[in-house]
Amino acid sequence: MNPNECPNEFDWSAFCYAAGELSPAEAEQFEARLADDQSAREALAKAVELTQVVAAAESQADSFRAVTFVVPARRAVADWSARLSWMAIGGLAVVVVALIGSGIIGYSPSGPSERQLALAAAWTQTRADIAQAKEDGLWFPPTWMFGEADEELLAMNDAGDESPLGETPSWMTAAVFGLAGEAASAEPFTNERGEN
Amino acid sequence: MSSAEVPSTGSSHLDPSVVAALYVEHGEELRRFLLGILRDAQLTSDVLQATFVKLVQRGHQTRIESRKAWLFRVAYHEAMAYRRRQGVGDRVLRNVAWHSNATQGNGAAGSAEEPLLRLEAVQSVREALEHLPPEQRQVVRMRIYDEKTFATIAQELKIPLGTALGRMRAALIKLRVRLSNPDNNDERDKSHSDESE
């Protein structure tokens, strides 16, 4: 190595030689130095090592980039699942609307159906019969209606206070809802319950 | 034990343990040196082997203190002779697969702890790369990882060739410092930060 030569200059020449960036004349000149100069040989080895390490480091950095690239891909899959779910819900809604429109599912926006009216009439008739039976002293409510241990309700009934029968029982409400297939159709019965 | 401390046997051949010690001590550096000349991992391995064959045959004629230089000189002449025989000269020079050799260059011949040392060096240089100015790192990546020539880099980045060379050179100075001393801190980087273009 030329003692007047800057070490950085020397290393740079070694790198350019190793990288094939020297002209043929410059490469030949550098090789001539390699024949005699141990420091030139070691500089070349160092340049190659640096190149290898940098390449490996960049390769590692690329791997990290690849990993971070995978994450949005997974999110995309999740997005698709959500989209498919919403599409399924939307499709189901369309089918329900179509069934309602075709009359397969009974829905009468104008008022209760014949079956609802029949059920309501039967219940009204039953209440009237029970009331008559109570006036005649013939009414003994069965235990299954209130529960065997519910003495308080039985006592209330015996005392002639407001009877539980005055309220629409839950099974009745459920039956009407089932017939209507629509919660809104229960409104007339709610009013009826209010009237009682 | 250093090769300089390993005595020769005085016979017509070097003691195998001496050869092995020299291989452990200088084999990897020799391999890189040869790779710089030959740019081919397989050729490099062949020439490295030929070099150590010569060491076995004639190493007893060398002085202990000059064996490293002797090995490099023999390797150089073997490499040049190989290139002439194979006719690979300039054809290989312009057809380099740099980092495909990088992983092969650290083969089984190295010492057992060498891969760990190299991993440390890679980690250290990777950190140094992250601290480079973006324009310098870009040139480093394009030259070493993407294997583009400086002329191509200058053309693609629309910068003068001298600017591309200057960025690479400034970056290499910083990276070399880090490679030489993986434990160094940023202060050593800063000492070279003014040497950029």
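Since this is a predicted model, take the numbers as computed values, not measurements. (Residues numbered from 1 in each chain as written. Chains lettered and ligands numbered in written order. Predicted model: local features only at pLDDT ≥ 70, side-chain atom pairs only at ≥ 80, totals over all residues.)

### Observations concerning the overall build of chain B
Of the regular secondary structure elements, chain B holds 10 helices and zero strands. Element order for chain B, N to C, with α for helix and β for strand: α-α-α-α-α-α-α-α-α-α. In chain B, buried positions account for 35% of the 197 residues. Across chain B, every contact between residues at least 6 apart in sequence was considered, and the portion connecting residues at least 24 apart equals 64%. (Helix = DSSP H or I, 4+ residues; strand = E, 2+ residues; numbered from the N terminus. Buried ≥ 20, exposed ≤ 12 C-beta atoms within 10 Å, placed from the backbone. Contact = placed C-beta atoms within 7 Å.)

### Re the interface of chain A and chain B
Counting residues at the interface gives 30 residues for chain A, matched by 34 residues for chain B. Those elements giving two or more residues to the side of chain A that touches chain B turn out to be α1 (7–18), α2 (24–36) and α3 (38–102) of chain A. Per-element tally for the side of chain A that touches chain B: the top contributor is α3 of chain A, with 18 residues.

### Describing helix α1 (residues 16–38) of chain B
All names here are of chain B. Taking 1.5 Å per residue, 23 residues should reach 33 Å; α1 reaches only 27 Å between its end C-alpha atoms and comes up short. Taking the largest bend as the criterion, α1 deviates by roughly 55°, centred on His26. Directly beyond the C-terminal end of α1, a positive phi value near 55° is found at Arg39. (Expected span 1.5 Å × (residues − 1). Bend = angle between axes of the 7 residues up to and from the residue.)

### Side note on the packing of helix α7 (residues 134–145) of chain B against helix α9 (residues 161–180) of chain B
Residues and elements named next belong to chain B. Interaxial distance between α7 and α9 falls to 8 Å at its minimum, and their mutual angle equals 95°. One finds that α7 runs roughly perpendicular with respect to α9. In contact with Glu135, Gln136, Arg137, Val139, Val140 and Arg143 of α7, α9 contributes Ala164, Arg167, Met168, Ala170 and Ala171. Residue classes in the contact of α7 with α9 are distributed as six nonpolar, one polar and four charged. (Axes fitted to C-alpha atoms, helices over the stretch in contact; angles between N-to-C directions. Parallel < 35°, antiparallel > 145°, perpendicular 65-115°, else oblique. Nonpolar A, V, L, I, M, F, W, Y, C, P; charged D, E, K, R; others polar.)

### Let's talk about the packing of α1 of chain B against helix α3 (residues 67–86) of chain B
Residues and elements named next belong to chain B. Two elements in contact, α1 and α3, have axes separated by 10 Å at closest approach and are oriented at 35°. Between α1 and α3 the crossing geometry is right-handed. Mapping the contact onto sequence places Leu22, His26, Leu30, Phe33, Leu34, Ile37 and Leu38 in α1 and Arg67, Lys68, Leu71, Phe72, Ala75, Ala79 and Arg83 in α3. (Left-handed = near helix turned anticlockwise from the far one by under 90°.)

### Overview of the nonpolar core
Within the largest apolar cluster, 58 residues are counted, with the highest numbers of intra-cluster contacts made by Leu44, Val53 and Val54 of chain A together with Leu34, Ala75 and Val125 of chain B. Those residues in contact with Ala75 of chain B that sit more than four places away from it in its chain are Leu30, Phe33, Leu34, Val47 and Thr51 of chain B. (Core = buried A, V, L, I, M, F, W, Y, C linked by C-beta atoms within 7 Å.)

### A look at the confidence of the model for chain B
All names here are of chain B. Scored by pLDDT, chain B comes out at a mean of 77, with 71% of its residues at no less than 70. Predicted confidence for residues 93–117 stays below pLDDT 50, and this span has 33 contacts to residues more than four positions away or in other chains. Low pLDDT, under 50, characterises residues 186–197; the stretch is placed with 18 contacts to residues that sit more than four places away or in other chains. Across the whole predicted complex the pTM is 0.56, and at the interface the ipTM reaches 0.75. (pLDDT = per-residue confidence, 0-100.)

### Side note on the confidence of the model for chain A
Residues and elements named next belong to chain A. Looking at chain A as a whole, the pLDDT averages 67, with 44% of positions reaching at least 70. pLDDT under 50 marks residues 159–164. Its contacts with residues more than four places away, or in other chains, come to five contacts. Counted against residues more than four places away or in other chains, residues 183–196, with its pLDDT under 50, gives 16 contacts.

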